[in-house]
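Given next are the chains, with one letter for each unit.
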Amino acid sequence: MAASWTALESNPSVINPMIEKMGVSTVKTVDVLFFEDESIGSPQHALILCFPEYKKVDEIMKPIYEQATAADDSVFFMKQKISNACGTFALFHSLANLEDRINLGDGSFAKWLAEAKKVGIEERSDLLANDAELAAIHATAATGGQTAPSGDVEHHFICFVAKNGVLYEIDSRRPFARVIGPTSDATLVKDAGAAIQPLIEKLDNVSFSAIALVNK
């Protein structure tokens with residue numbers, strides 16, 4: 001990967017100011033303490049998952065993706081070509097696929113998305129890397145967490161987002177977005193959790209964290 005950013009922290013206090021600075025004022029993230037937490041409410045727009053030991057996860061997920069059903073072109077997807085930017089990619093994948101459901105405003109994210117939809121999945125990452133305003137917003141967020149930024153990153157972010165009643169797993173290091181199955185506004189976090197559970201059990205590492213994207 002040519003470009004390299006500082007990794008984000010999986011923390012609403014980091015992500016929410018970032019969302020606002022990008023011009024999206026209608027949604028926020030909240031911590032997910034367990035996947036069947038009914039206090040999250042509805043609608044549940046997306047789940048952003050941060051997991052450890054991404055190299056081991058690659059080994060576990062490789063056969064799953066070899067048998068997976070790829071999403072069609074209606075699902076926005078881009079391949080990550082910026083090191084340590086997976087948190088921003090997971091957030092962008094969530095927001096981009098909610099364009100017809102939430103107001104994305106007219107700020108830097110909406111402007112980037114309009115241009116990103118005109119190019120292919122490889123070029124979208126380059127478009128982000130070259131966007132000085134969005135890069136600066138990411139940089140500010142990356143230094144605003146509770147833990148000191150580190151160059152040695154073992155964690156990786158992905159997202160689960162619904163479109164037309166179907167839940168998708170979107171991992172910017174994979175070749176495509178993966179179809180998970182049916183979901184709803186009230187059960188997205190629970191449904192994503194069911195898809196995640198086998199990975200948690202195989203990895204045998206409790207260093208997972210998750211935040212949900214919901215209305216303000």
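The protein carries the name Ubiquitin carboxyl-terminal hydrolase in an unreviewed UniProt entry, which gives Caenorhabditis japonica as its organism. In its Catalytic activity (unreviewed entry) section, UniProt records this for the protein: "Thiol-dependent hydrolysis of ester, thioester, amide, peptide and isopeptide bonds formed by the C-terminal Gly of ubiquitin (a 76-residue protein attached to proteins as an intracellular targeting signal)."

Once that is clear, we can look at the overall build of the protein. In terms of regular secondary structure, the protein is built from 7 helices and 8 strands. For 216 residues, the compact-globule estimate of 2.2 N^0.38 gives 17 Å, and the protein sits close to it at 16 Å. For the C-alpha atoms alone, the extent of the protein along its principal axes is close to 40 × 35 × 35 Å. In the protein, the proportion of contacts linking residues at least 24 apart, taken out of those at least 6 apart, comes to 77%. Here the protein has roughly 10,000 Å² of accessible surface; of this, 49% comes from carbon and sulfur atoms.

Along the chain, Gln-80 falls in the loop between helix H2 (54–66) and strand S4 (82–83). Along the backbone, Gln-80 and Ser-172 are 92 residues apart, and their C-alpha atoms lie at a distance of 5.1 Å. A distance of 2.6 Å separates the side chain of Gln-80 from the side chain of Ser-172, its partner in a polar contact.

Pairing within the open sheet is antiparallel, and its 6 strands lie in the order S2-S8-S3-S5-S6-S7. Because the sheet does not close on itself, it has two edges, and the strands there are strand S2 (27–31) and strand S7 (178–182). In this sheet, adjacent strand axes meet at a mean angle of 25° when their direction is disregarded. Across 4 bridges, the pairing between strand S6 (residues 166–170) and S7 is antiparallel. Bridge pairing links Leu-167 to Gly-181 in S7. Here helix H3 (residues 86–96) sits on the sheet in contact with S2, strand S3 (44–51), strand S5 (156–163), S6 and strand S8 (209–215), set at roughly 5° to S5.

Let's shift gears to the UniProt feature "active site" (unreviewed entry) in the protein. Here, the residues flagged by UniProt with the feature "active site" (unreviewed entry) are Cys-86 and His-156. Judged by maximum C-alpha separation, these annotated positions cover 71 residues in sequence but sit close together in space, the widest gap being only 6.3 Å. As for its placement among the helices and strands, Cys-86 is situated in helix H3. For Cys-86, a relative accessible area of 8% translates into the label buried. Here Cys-86 is in contact with Gln-80, His-155, His-156, Phe-157 and Ser-172, once residues within four sequence places are set aside. For His-156, the position within the fold is in strand S5. His-156 gets classed as buried once you look at its relative accessible area, which sits at 4%. Beyond its immediate sequence surroundings of up to four residues, His-156 is in contact with Leu-49, Cys-50, Phe-51, Tyr-54, Gln-80, Cys-86, Asp-171, Ser-172 and Arg-173.

In the structure shown here, the tally under the stated rule is 6 aromatic pairs. Between Phe-92 and Phe-109, the ring centres sit 4.8 Å apart and the planes meet at 80°, which makes this aromatic pair edge-to-face. Taken as a pair, Phe-92 in helix H3 and Phe-109 in helix H4 (residues 108–116) lie far apart in primary sequence, 17 residues in all. Assigned by exposure class, Phe-92 and Phe-109 land together as buried. Between Phe-92 and Trp-112, the ring centres sit 5.1 Å apart and the planes meet at 55°, which makes this aromatic pair tilted. With Phe-92 in helix H3 and Trp-112 in helix H4, this residue pair connects regions lying 20 residues apart in the sequence. Members of the aromatic cluster, connected to one another through ring pairs, are Phe-76, Phe-92, Phe-109 and Trp-112. Of note, Arg-174 hangs over the ring of Tyr-65, and the distance from its end group to the ring centre comes to 5.1 Å. For Arg-178, the ring lying beneath its charged end belongs to Tyr-65, and the centroid distance is 5.5 Å.

What counts, and where the lines are drawn
- Residues numbered from 1 in each chain as written.
- Predicted model: local features only at pLDDT ≥ 70, side-chain atom pairs only at ≥ 80, totals over all residues.
- Heavy atoms only, no water.
- UniProt positions renumbered as here; feature names shortened; annotations may be inferred.
- Helix = DSSP H or I, 4+ residues; strand = E, 2+ residues; numbered from the N terminus.
- Rg over C-alpha atoms; globule rule 2.2 N^0.38 Å.
- Contact = heavy atoms within 4.5 Å.
- Areas by Shrake-Rupley, 256 points an atom, 1.4 Å probe, with all protein chains shown as cover.
- Polar contact = N/O pair within 3.5 Å; in protein donor to acceptor, adjacent residues only side chain to side chain.
- Pairing = 2+ DSSP bridges.
- Axes fitted to C-alpha atoms, helices over the stretch in contact; angles between N-to-C directions.
- Buried < 20%, exposed > 50% of the residue type's maximum accessible area, 1.4 Å probe, protein only.
- Phe/Tyr/Trp six-rings, centres within 6.5 Å; stacked < 30°, edge-to-face > 60°.
- Lys NZ or Arg CZ within 6 Å of the ring centre and 35° of its normal.

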